[in-house]
Every structure is written in C-alpha cells, then in structure tokens.
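Secondary and tertiary structure notes
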Amino acid sequence: MTWPATTRYGLDTAPGGLGLVQDLLNTVAAGSPRGPDMLDDLERAQAWVNDATAQWSAVTGQPVPEVVLDHGGLEELRAFRDDLHRLTAAAHDQAPEEGTITTVLHTATAALQLGEDGLVRLDPRGTGWRRLASLILVATFEGQRADTRRRLKTCRNPRCRAAFYDRSRNNSGVWHDVKSCGNAANLRAYRARQRANT
C-alpha cells in the first residue's frame, strides 16, 4: 500500500500521519507530466479517499476511518485542500509577523482519549469530508509538535506545485526535484538576467 497521490509523482513521503497531509496536497493537478486533479469528480475523489485512509491506517496503526463524500462535501474538501496548499506554499516564503491576528479558515472536531496503554491521543471526529479534514488537521498538529510539519513544502516551480517532504539536513529545499524543476527555473532566471543586461 502506498500514498496514491504522492507516489504518482515519484516523491518520498512524509513520515507517519503527515503523509496524509502531503497526499491531500498532491491531489492537485501537478508535477511533470501533469497528473489529473484527483478531487475533480466524486468517483475519483472517493477512490482517493479510500486508498489514502487505508494507507493512513497502515502507517498509524489506527482503524480505517469511514469517509463517504457527497457532492457538497467534495466542494468543501477542494476548498480545504486549496487553502492548505496556499498556506503550505506561503509558509516558506515569509515568516508571520509577531502579534498578527490569525484568521481561522477551517475547523474540525477531535476528542482527547486516554488509551489502555496510558497514552493520550487526539481522535478525529465528524462525518464525510469533515472527518477527513479532522484527520488531516490532527496529523498537521502532530507534525507541528514533532517539528516535522515545517519540512512539508510545495515546489517553488509554479508549473509544478507538487508537495514534497524536505529531507535536506538544513531544510533548505525549494524544488520537489532539482533536475526537473530547479534547473529549468534557474535557466529561465539566468536567461532573463542576460536579456536585461543587453
């Protein structure tokens, strides 16, 4: 079992539940060659949800959550994904100013549960797309706590937009693949500078 949206671009996956966040981001039409938007229609979106939640279950050891989408929920899920994608891209372009007020874009419900093993866990709640949003926000929160969330980035190439997990030592990666996206962008910038100097 693999993450369906991320592996279609041949990308390394983020660790643990953060892989679900990366996979949602990679449902957009991205990469080279450009894959279709996996949330474009209800049947394709439901197939992605089924595969992605099964993979989430495999990496977290938790039961596969039942998530059934409807047309209205699919629109909400796309809006959620697009906001998450925009914010993931912006997070590495600018640091938030101190004292700024944060606008809440999306909310989801989760419960704190004490297990037989003595550990407290966040248990995602809700139905339909809201349950999936809860899973993703819980995974994002856990990634923030583990300091792995900052390594989840989107390719700086606007023609690509693939979400990748930056495994570089100093977390300095900006391209999902330097050969396909980085070299092309650097060549375009070089040629633009050459034209400007003539």
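Anything mentioned here points back to the structure above.
None of these values were measured; they are calculated from a predicted model. (Residues numbered from 1 in each chain as written. Predicted model: local features only at pLDDT ≥ 70, side-chain atom pairs only at ≥ 80, totals over all residues. Heavy atoms only, no water.)

**Side note on the overall build of the protein chain**
- Along its length, the protein chain carries 6 helices and 4 strands.
- Along the protein chain, helices (α) and strands (β) appear in the sequence α-α-α-α-β-β-α-β-β-α when read from the amino end.
- Burial analysis of the protein chain (198 residues in total) assigns 41% to the buried set. (Helix = DSSP H or I, 4+ residues; strand = E, 2+ residues; numbered from the N terminus. Buried < 20%, exposed > 50% of the residue type's maximum accessible area, 1.4 Å probe, protein only.)

**With respect to the side chain of Gln22**
- Here Gln22 lies in helix 2 (residues 18-25).
- Judged by relative accessible area, which is 0%, Gln22 ranks as buried.
- Only 2.7 Å separates the side chain of Gln22 from the backbone nitrogen of Ala14, close enough to count as a polar contact.
- Sequence-distant contacts of Gln22, that is, excluding residues within four places in its chain, are made with Thr6, Asp12, Thr13, Ala14, Leu152, Ala163, Phe164 and Tyr165. (Polar contact = N/O pair within 3.5 Å; in protein donor to acceptor, adjacent residues only side chain to side chain. Contact = heavy atoms within 4.5 Å.)

**Re the nonpolar core**
- One finds Trp48 and Leu132 to be the most contacted residues of the largest nonpolar core, which totals 30 residues.
- Elements with a contribution of two residues or more to this core: helix 2, helix 3 (42-60), helix 4 (71-91), helix 5 (129-145) and strand 4 (163-165).
- A total of 6 residues in this core trace back to one element, the largest contributor, which is helix 5.
- The contact partners of Leu132, leaving out residues within four places of it in the chain, are Leu20, Trp48, Val49, Thr53, Val67 and Leu77.
- With 9 residues, the next largest nonpolar core counts Leu11, Ala30, Cys155 and Cys160 among its residues. (Core = buried A, V, L, I, M, F, W, Y, C linked by side-chain atoms within 4.5 Å.)

**A short note on the pattern of salt bridges**
- Inspection of the entire model under this criterion finds 7 salt bridges.
- For Asp123, the salt bridge goes to Arg125, with nearest N and O atoms at 3.0 Å.
- Assessed through its relative accessible area of 18%, Asp123 is described here as buried.
- The partly exposed category is assigned to Arg125, whose relative accessible area is 34%.
- The salt bridge partner of Arg150 is Asp147, with a shortest N-O separation of 2.9 Å.
- The exposure class assigned to Asp147 is partly exposed, which follows from its relative accessible area of 41%.
- Salt bridges sharing partners connect three or more residues here, namely Asp37, Arg81 and Asp82. (Salt bridge = Lys/Arg side-chain N within 4 Å of Asp/Glu carboxyl O.)

**Considerations on helix 2**
- The buried count for helix 2 comes to 8 of 8 residues, which makes it a mostly enclosed element.
- Residues of helix 2 that are buried sit in contact with helix 1 (4-7), helix 3, helix 4, helix 5, strand 3 (152-154) and strand 4.

**Brief notes about the pairing of strand 1 (residues 110-114)**
- For strand 1 and strand 2 (residues 120-124), the ladder comprises 5 bridges, and the chain directions are antiparallel. Note that in strand 2 the partner of Gln113 across the bridge is Arg121.
- Between the end of strand 1 and the start of strand 2, which pair antiparallel, lie 5 residues, with Gly118 showing a positive phi angle near 85°. (Pairing = 2+ DSSP bridges.)

**Some thoughts on helix 5**
- Here helix 5 contains 17 residues, and its C-alpha end-to-end distance of 24 Å stays within 8% of the 24 Å for a straight helix at 1.5 Å per residue.
- Considered for burial, the residues of helix 5 that qualify are Trp129, Arg131, Leu132, Ala133, Ser134, Leu135, Ile136, Val138, Ala139, Thr140 and Gly143.
- Residues of helix 5 that are buried sit in contact with helix 2, helix 3, helix 4, strand 1 and strand 2.
- One or two steps after helix 5, the chain reaches Asp147, where phi turns positive at roughly 60°. (Expected span 1.5 Å × (residues − 1).)

**Here we look at unusual backbone geometry**
- Of note in this structure, Asp147 is not a glycine but carries a positive phi near 60°.
- One non-glycine residue, Arg161, adopts positive backbone phi at about 70°.
- Within the element layout of this structure, Arg161 appears in the loop between strand 3 and strand 4.

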